[in-house]
Amino acid sequence: MKSVVISLARMTERRSLIARQFEAMGLGFDFLDAVDARQNEHIRLSRYDEGAAMARYSAPLTAAEIGCFASHYSAWQLCVERDESLAIFEDDVLLGSRFPQVLALAASRIDQHRLIRLFGKHNRRTRHLETLSAGYTLVRFQQGPIGTQSYCVSPDGARALLSKATLWNEPVDHYLDRFWLHGVASKAIVPYELEEMSRDILVGAIGARSHRRTGMAKFRRELSRQTDVLARLIYNIRHWPR
């Protein structure tokens, strides 16, 4: 399984940092140039539907969020074109000393499971799938953990993600978490051997949204959220314990 690191070509310091980590662990990788919203590259590549975003979130996506979605979409396309599984990384991660072990475990199982996360931002309830070697466990999330810092995807999984991403109306990590929509269960190997760099010290980080919803906008967002809760519950019941 090959590794690709999504990274803006102009972010030379971040590229150097991630390259040193991979090289120190004897891991090969290729850079995949991220779509640069600052250079308006996202405009020609975008499948963004602002009307749908407003209906779902009552707020538009930022240019950086659209660029991020476009970058991961390109990685999924690459996975399908090469017809081989990929480990996909963003360039804001720190690899733990035992990370190569986890990557090897993921590589041996990705064809069966289609998507295996190597990091998630939030702790969520999980279902145990398999006890692995060296104290690791393969689990399936009942609710997505948020984050696209690092995950492995098979060609079959990438095709499924692409099939439901014809229009973009949410951040890519939210889309990845909506397993009831695209049918790709959110699984992971835990404990993680990777962490995210502090957003406070990162140059070029997307950052948090500052939009505040009130009135009908707040109501529409809550309605969308509760619709997701119901759809997630139905999926989890139908796919127990897989």
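Residues numbered from 1 in each chain as written. Predicted model: local features only at pLDDT ≥ 70, side-chain atom pairs only at ≥ 80, totals over all residues. Heavy atoms only, no water.

1. Some details on the overall build of the protein chain
Next up, step 1: Check the secondary structure of the protein chain and you find 10 helices and 10 strands.
Next up, step 2: Relative to its 242 residues, the protein chain shows a buried fraction of 51%.
Next up, step 3: Taking as baseline every contact in the protein chain between residues at least 6 positions apart, the subset at least 24 positions apart corresponds to 78%.
Next up, step 4: For the protein chain, the computed accessible surface area is about 11,900 Å², with 51% contributed by carbon and sulfur atoms. (Helix = DSSP H or I, 4+ residues; strand = E, 2+ residues; numbered from the N terminus. Buried < 20%, exposed > 50% of the residue type's maximum accessible area, 1.4 Å probe, protein only. Contact = heavy atoms within 4.5 Å. Areas by Shrake-Rupley, 256 points an atom, 1.4 Å probe, with all protein chains shown as cover.)

2. Observations regarding the pattern of salt bridges
Next up, step 1: For the structure on display, the rule yields 12 salt bridges.
Next up, step 2: Residue Arg-14 is joined to Asp-91 by a salt bridge in which the shortest nitrogen-to-oxygen separation is 2.7 Å. One end of the pair, Arg-14, is in helix α1 (residues 12-24); the other, Asp-91, is in the loop between β3 (86-90) and β4 (93-95), and 77 residues separate them in sequence. Note on accessibility: Arg-14 and Asp-91 belong to one class, buried.
Next up, step 3: Close ionic contact of Glu-130 with Arg-109 constitutes a salt bridge, the shortest N to O distance being 3.1 Å. Taken as a pair, Glu-130 in strand β6 (residues 126-131) and Arg-109 in the loop between α5 (99-107) and α6 (110-113) lie far apart in primary sequence, 21 residues in all.
Next up, step 4: Taking relative accessible area as the criterion, Glu-130 reaches 27% and is therefore assigned partly exposed.
Next up, step 5: Bridged by salt links that share partners, the residues Arg-56, Glu-170, Arg-178 and Asp-228 form one connected network. (Salt bridge = Lys/Arg side-chain N within 4 Å of Asp/Glu carboxyl O.)

3. Comments concerning the pairing of strand β2 (residues 30-33)
Next up, step 1: Where strand β1 (residues 2-7) and β2 come together, four bridges link them in parallel fashion. Looking across to β2, one finds that Ile-6 is bridged to Leu-32.
Next up, step 2: Chirality of the crossover, the property in question, places the unit of β1, α1 and β2 among those that are right-handed. (Pairing = 2+ DSSP bridges. Right-handed = clockwise from strand over helix to strand, strands pointing away.)

4. Looking at the nonpolar core
It is characteristic of soluble globular proteins that their nonpolar side chains tend to be buried jointly.
Next up, step 1: Counting 34 residues, the largest nonpolar core has Trp-76, Ile-88 and Val-153 as its most contacted members.
Next up, step 2: At nine residues, helix α4 (residues 63-82) tops the list of elements feeding residues into this core.
Next up, step 3: Among the nonpolar cores identified, the runner-up in size contains 25 residues, and Val-5, Leu-95, Leu-103 and Cys-152 belong to it. (Core = buried A, V, L, I, M, F, W, Y, C linked by side-chain atoms within 4.5 Å.)

5. A short note on the environment of Arg-109
Next up, step 1: Of the residues examined, Arg-109 reaches a relative accessible area of 17% and is grouped as buried.
Next up, step 2: Each C-alpha atom, one on Arg-109 and one on Cys-152, is 9.9 Å from the other, the two residues being 43 residues apart in sequence.
Next up, step 3: Within polar-contact distance, the side chain of Arg-109 engages the side chain of Glu-130 at 3.1 Å. (Polar contact = N/O pair within 3.5 Å; in protein donor to acceptor, adjacent residues only side chain to side chain.)

6. Brief notes about the sheet that holds β2
Next up, step 1: Here eight strands make up an open sheet; going across it, the order is β2-β1-β3-β8-β5-β9-β7-β6 and the pairing mixed. Lying at the two open borders of the sheet, with one neighbouring strand each, are β2 and β6. Here the strands of the sheet are splayed against their neighbours by 30° on average, with no regard to which way each runs.
Next up, step 2: In the sheet, β1 pairs with β3 via five bridges, with the strands oriented parallel. In the strand pairing of β3, Ile-6 is matched with Glu-90.
Next up, step 3: Across the sheet, α1 touches β1, β2 and β3, and the angle it forms with β1 is around 160°.
Next up, step 4: Contacts between α4 and the sheet are confined to β1, β2, β3 and β8 (150-153), with β3 contributing the most and set at about 165° to the helix. (Axes fitted to C-alpha atoms, helices over the stretch in contact; angles between N-to-C directions.)

7. A look at α5
Next up, step 1: For α5, every residue scored as buried is listed here: Phe-99, Val-102, Leu-103, Leu-105 and Ala-106. Within α5, the buried residues cover an arc of 160° as seen down the axis, which keeps them to one side. (Arc of directions from axis to C-beta.)

8. Some points on the side chain of Gln-142
Next up, step 1: Along the chain, the position of Gln-142 falls in the loop between β7 (137-141) and β8.
Next up, step 2: Its relative accessible area of 15% is what places Gln-142 among the buried residues.
Next up, step 3: Excluding its chain neighbours within four sequence positions, the residues that come into contact with Gln-142 are Arg-125, Thr-126, Arg-127, Phe-179, Arg-232 and Asn-236.

9. Focus on helix α3 (residues 50-57)
Next up, step 1: Among the residues of α3, those classed as buried are Ala-53, Arg-56 and Tyr-57. Along the long axis of α3, the arc covered by the buried residues comes to 75°, so they all point the same way.
Next up, step 2: Sitting at the head of α3, Asp-49 places a side-chain oxygen 3.1 Å from the backbone nitrogen of Gly-51.
Next up, step 3: Note on α3: the residue one or two positions beyond its end, Ser-58, has a positive phi of about 60°.

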